[in-house]
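Survey of secondary and tertiary structure
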Amino acid sequence: MEKFETDLKLAPVAAFHHHAYIGGLLEHTASVLSIAVSISNATETCNKDMMIAGAVLHDLGKFSELDYTTIDFKYTLEGSLLGHATLGNNYALLFT
């Protein structure tokens, strides 16, 4: 779990686009979480727990998709081949 915490604090969301900096994933996730909570509060039929879970888990594959150990972020081989959605399943299993 310690690696998860470190990854969450350091990972960017992308190599070039939005939140492409150290800590970008945490900031992006917090923004998406805020939106999810707002939507779930405004919608009676929305499952708030599912919205929160989706917001928190939706980009966890970014940990493996990007190499952010150097100043210029690059996509890893597995990140290029599988993408963060598939890679995120590995991290999501930590919560089951």
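The structure this text deals with has already been given above.
Let me sum up the structure you'll find in this document.

Cut-offs used in this document
Residue numbering note: each chain is counted from 1, following its sequence as written. Only residues with pLDDT of at least 70 are given local features in this predicted model, and only at 80 or more are side-chain atom pairs given and counted; all residues enter the totals for whole chains, interfaces and linings. The basis for every side-chain value is the complete set of heavy atoms in the structure, and neither hydrogens nor water enter the calculation. For this analysis, a nonpolar core means a set of buried residues of the types Ala, Val, Leu, Ile, Met, Phe, Trp, Tyr and Cys, connected via side-chain atoms within 4.5 Å. Buried means the residue's accessible area, taken with a 1.4 Å probe over protein chains only, is under 20% of the maximum for its type, while exposed means over 50%, and partly exposed covers the values in between. Whether two residues touch is decided by their heavy atoms; if any such pair falls within 4.5 Å, the residues are in contact. Helix axes are fitted to C-alpha atoms over the stretch in contact, other axes to C-alpha atoms as well, and angles between N-to-C directions run from 0 to 180 degrees. Runs of E in the DSSP output that reach at least two residues are strands. Runs of H or I that reach at least four are helices, and both are numbered from the N terminus. Comment on the angle field: the value is read as roughly parallel under 35 degrees, roughly antiparallel over 145, roughly perpendicular from 65 to 115, and oblique elsewhere. In this scheme the crossing of two helices becomes right-handed for a clockwise turn of the near helix relative to the far one and left-handed for an anticlockwise turn of less than a right angle. Throughout this entry, Asp, Glu, Lys and Arg are counted as charged residues, while Ala, Val, Leu, Ile, Met, Phe, Trp, Tyr, Cys and Pro are counted as nonpolar. The remaining residues, Gly among them, count as polar. The salt bridge criterion pairs a side-chain nitrogen of Lys or Arg with a carboxyl oxygen of Asp or Glu, the two atoms within 4 Å.

Observations regarding the nonpolar core
Among the nonpolar cores identified, the biggest contains 11 residues, and these are Phe4, Leu8, Ala11, Val13, Ala15, Leu25, Leu60, Phe63, Leu66, Tyr68 and Phe73. The residues touching Val13, leaving out its near neighbours within four places in the chain, are His18, His19, Gly24, Leu25, His28, Asp59, Lys62 and Leu66.

Considerations on the packing of helix H2 (residues 24–42) against helix H3 (residues 48–57)
Helices that pack against each other are described as a pair by the angle of their axes relative to one another and the distance between those axes. Contact pair H2 / H3: the axes reach a minimum separation of 8 Å and the direction vectors enclose 165°. It follows from the interaxial angle that H2 and H3 lie roughly antiparallel. Judged by the twist between their axes, the crossing of H2 over H3 is right-handed. Facing Thr29, Val32, Leu33, Ala36, Val37, Ile39, Ser40 and Asn41 of H2, the residues of H3 in contact are Lys48, Met51, Ile52, Ala55 and Val56. For the contact of H2 with H3, the per-class residue count stands at 9 nonpolar, 3 polar and 1 charged.

Side note on the pattern of salt bridges
Following the criterion strictly, the structure yields 2 salt bridges and no others. Between Lys62 and Glu65 there is a salt bridge; the shortest N-O distance is 3.0 Å. One end of the pair is Lys62 and the other is Glu65, both in helix H4 (residues 62–65) and 3 residues apart, which spans about a single turn. For Lys74, the salt bridge identified is with Asp72, shortest N-O distance 2.5 Å. Overall, the relative accessible area of 47% leaves Lys74 in the partly exposed class. Assessed through its relative accessible area of 39%, Asp72 is described here as partly exposed.

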